[in-house]
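# Close look at the chain arrangement
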Amino acid sequence: MNNTYHNSYTRGTVFIVSDAHLGVPGKAESLAREKQLVGWINTVAPEAEAIVLLGDIFDFWYELRQAVPRGYTRLLGCLAQWTDRGLPIHFFPGNHDMWTYGYLAEECGLNVHFEGELWNIGGRSCFLAHGDGLGPGDYSYKFFKRIFRSPFFRWCFSRLHPNFSFGLAQWLSRRSRAAHAEAEKTFLGEEREWLYQYALQRSAGLSNTDFIFGHRHLPGIHSLPGGSRYINTGDWLSHFSYLKIQGGRLELCYWKSE
């Protein structure tokens, strides 16, 4: 991990959210969550120095040269509105929305980060990443992630008609989520939580560093040696949780729309 700060936000408040998985389980439910997410952004943006979308905002996202997945109009418009006003909004793609090649940056003004980065937030070191493929275990996913991100796979997938390829990918995405639904409900213990183990390993020799991830859908703050912490932002499927960092103080919050 590079110990150089990629970004520094020390004057105001930084908000971090992840795992909305817009698109599931159906159109009506997804639209309701999208409206809540837009409401949250519009509420926190006026006091934010920056907003971070920490991956899997979409349950499936893939950009072709002339097409993107249908829907999400309210969210995309909201993001563009705030970046047009000068608010930095950062996006760390997750395992469900890794295939962005310029649209979200060019049309919505997002700052896209494909790898984990060390930031200075409120005077405290924070390592930010979605979290997929980090830590021990999960070797099958790590293998397929290399394939999914390869130029050859993207070229092959782009040759298929979107009516077929997008539908197939969305079906596979739903199957994957269903297969891991039970594991997302319970903290498996420090020895079996791969992201905790990754943070524990990386925290060796570092002090007062927060390792902030999404991916696991389990909001929580867990202590590590040397004053470091493993922090998970949770999700917007059942918890509607997010992080608020201000002046070095980190708070795990829960959104309740009016």
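Remember, it's a predicted structure, so these values are computed and weren't measured experimentally. (Residues numbered from 1 in each chain as written. Predicted model: local features only at pLDDT ≥ 70, side-chain atom pairs only at ≥ 80, totals over all residues. Heavy atoms only, no water.)

### Some remarks on the pattern of salt bridges
What counts is decided by this rule: Any Lys or Arg side-chain nitrogen located within 4 Å of an Asp or Glu carboxyl oxygen qualifies as a salt bridge. Where helices and strands are cited, they refer to DSSP runs of H or I of at least four residues and of E of at least two residues respectively, numbered from the N terminus. Residue burial is assigned from relative accessible area. The probe radius is 1.4 Å, only protein chains are included, and a residue is buried under 20% of its type maximum, exposed over 50%, and partly exposed in between.
For the structure shown, the criterion picks out seven salt bridges. For the salt bridge of Arg 149 with Glu 115, the shortest nitrogen-to-oxygen distance reads 3.8 Å. Placement of the pair is Arg 149 in the loop between helix H4 (139–148) and helix H5 (151–158) and Glu 115 in the loop between strand E5 (111–112) and strand E6 (117–121), with a sequence separation of 34 residues. What makes Arg 149 partly exposed here is its relative accessible area of 31%. Of the residues examined, Glu 115 reaches a relative accessible area of 53% and is grouped as exposed. For Arg 124, the salt bridge is made with Asp 210, and the minimal N-O distance between the two is 2.7 Å. Of the two residues, Arg 124 sits in strand E7 (residues 124–128) while Asp 210 sits in strand E8 (residues 209–213), which places them 86 residues apart along the sequence. The exposure class of Arg 124 is buried, given its relative accessible area of 16%. Of the residues examined, Asp 210 reaches a relative accessible area of 1% and is grouped as buried.

### Let's talk about the packing of aromatic side chains
Operational definition: The rule is short: rings of Phe, Tyr and Trp, with Trp giving its six-membered ring, pair when the centres are within 6.5 Å, and they are stacked under 30 degrees, edge-to-face over 60, tilted in between. Two thresholds decide whether a charge sits over a ring: the Lys NZ or Arg CZ must be within 6 Å of the ring centre and within 35 degrees of the ring normal.
Per the stated rule, a full pass over the model turns up 22 aromatic pairs. Summarising the aromatic geometry, the rings of Phe 15 and Trp 40 are spaced 6.2 Å apart at their centres and angled 85° between planes, so their arrangement reads as edge-to-face. Placement of Phe 15 in strand E2 (residues 13–17) and of Trp 40 in helix H1 (residues 27–44) is noted, with a sequence separation of 25 residues between them. Considered together, Phe 15 and Trp 40 belong to a single accessibility category, that of buried residues. Among the aromatic residues, ring-to-ring pairing joins Phe 127, Tyr 196, Tyr 198, Phe 211, Phe 213 and Tyr 230 into one connected group. It is Arg 85 that lies over the ring of Trp 82; its NZ or CZ is 4.4 Å from the centre.

### Focus on the environment of Asn 95
The test is simple: Contacts: residue pairs with any heavy atoms within 4.5 Å of one another. Think of a polar contact as two N or O atoms within 3.5 Å of one another; within protein, one of them needs to be a possible hydrogen donor and the other a possible acceptor, and neighboring residues in sequence only count if both atoms come from side chains.
By secondary structure assignment, the location of Asn 95 is in the loop between strand E4 (89–91) and helix H3 (103–108). Taking C-alpha positions, Asn 95 is 23 Å from Gly 77, a pair spaced 18 residues apart along the chain. Setting aside anything within four residues of it in sequence, one finds Asn 95 in contact with Asp 56, His 130, Asp 132, Tyr 141 and His 215. Side-chain polar atoms of Asn 95 contact the side chain of His 130, separated by 3.1 Å.

### Comments concerning the packing of H1 against helix H2 (residues 73–84)
Our working rule: Angles run from 0 to 180 degrees between N-to-C directions of axes, and those axes are lines fitted to C-alpha atoms, restricted for helices to the stretch in contact. Should an angle fall under 35 degrees it is taken as roughly parallel, and over 145 as roughly antiparallel, whereas 65 to 115 is taken as roughly perpendicular and any remaining angle as oblique. In this scheme, a crossing is called left-handed if the near helix is turned counterclockwise away from the far one by less than a right angle; it is called right-handed if the turn is clockwise. As a working rule, the residues Ala, Val, Leu, Ile, Met, Phe, Trp, Tyr, Cys and Pro are called nonpolar, Asp, Glu, Lys and Arg charged, and the rest polar, with Gly in that last group.
Contact geometry for H1 and H2: axes closest at 9 Å, N-to-C directions at 15°. In this view, H1 runs roughly parallel relative to H2, as classed from their interaxial angle. In the packing of H1 onto H2, the handedness of the crossing is left-handed. Judged by residue contacts, Leu 31, Glu 34, Lys 35, Leu 37, Val 38, Ile 41 and Asn 42 of H1 engage Thr 73, Arg 74, Leu 75, Cys 78, Leu 79 and Trp 82 from H2. The class makeup of the residues in the contact of H1 with H2 is eight nonpolar, two polar and three charged.

### Some points on unusual backbone geometry
The amide bond that connects Val 24 to the next residue, Pro 25, takes the cis arrangement and shows omega of -5°. Tracing the chain through its elements places Pro 25 in the loop between E2 and H1. Phi is positive for His 21, which is not a glycine, with a value near 50°. For His 21, the location among the structural elements is in the loop between E2 and H1. A positive phi angle, near 65°, is found at Tyr 72, a position not held by glycine. In this fold, Tyr 72 is placed in the loop between strand E3 (48–53) and H2.

### Some details on the sheet that holds E6
Put simply, the rule reads: We call two strands paired when DSSP finds no fewer than two bridges between them.
Taken in spatial order, the six strands of this open sheet run E1-E6-E7-E8-E10-E9, and their pairing is mixed. Lying at the two open borders of the sheet, with one neighbouring strand each, are strand E1 (7–9) and strand E9 (220–223). Going from strand to strand, the sheet's axes swing by 25° on average, the running direction of each strand aside. Across four bridges, the pairing between E9 and strand E10 (residues 229–232) is antiparallel. Bridging across to E10, Gly 220 finds its partner in Asn 232. Those strands touched by helix H7 (residues 194–202) are E7, E8, E9 and E10, and its axis lies near 155° from that of E8.

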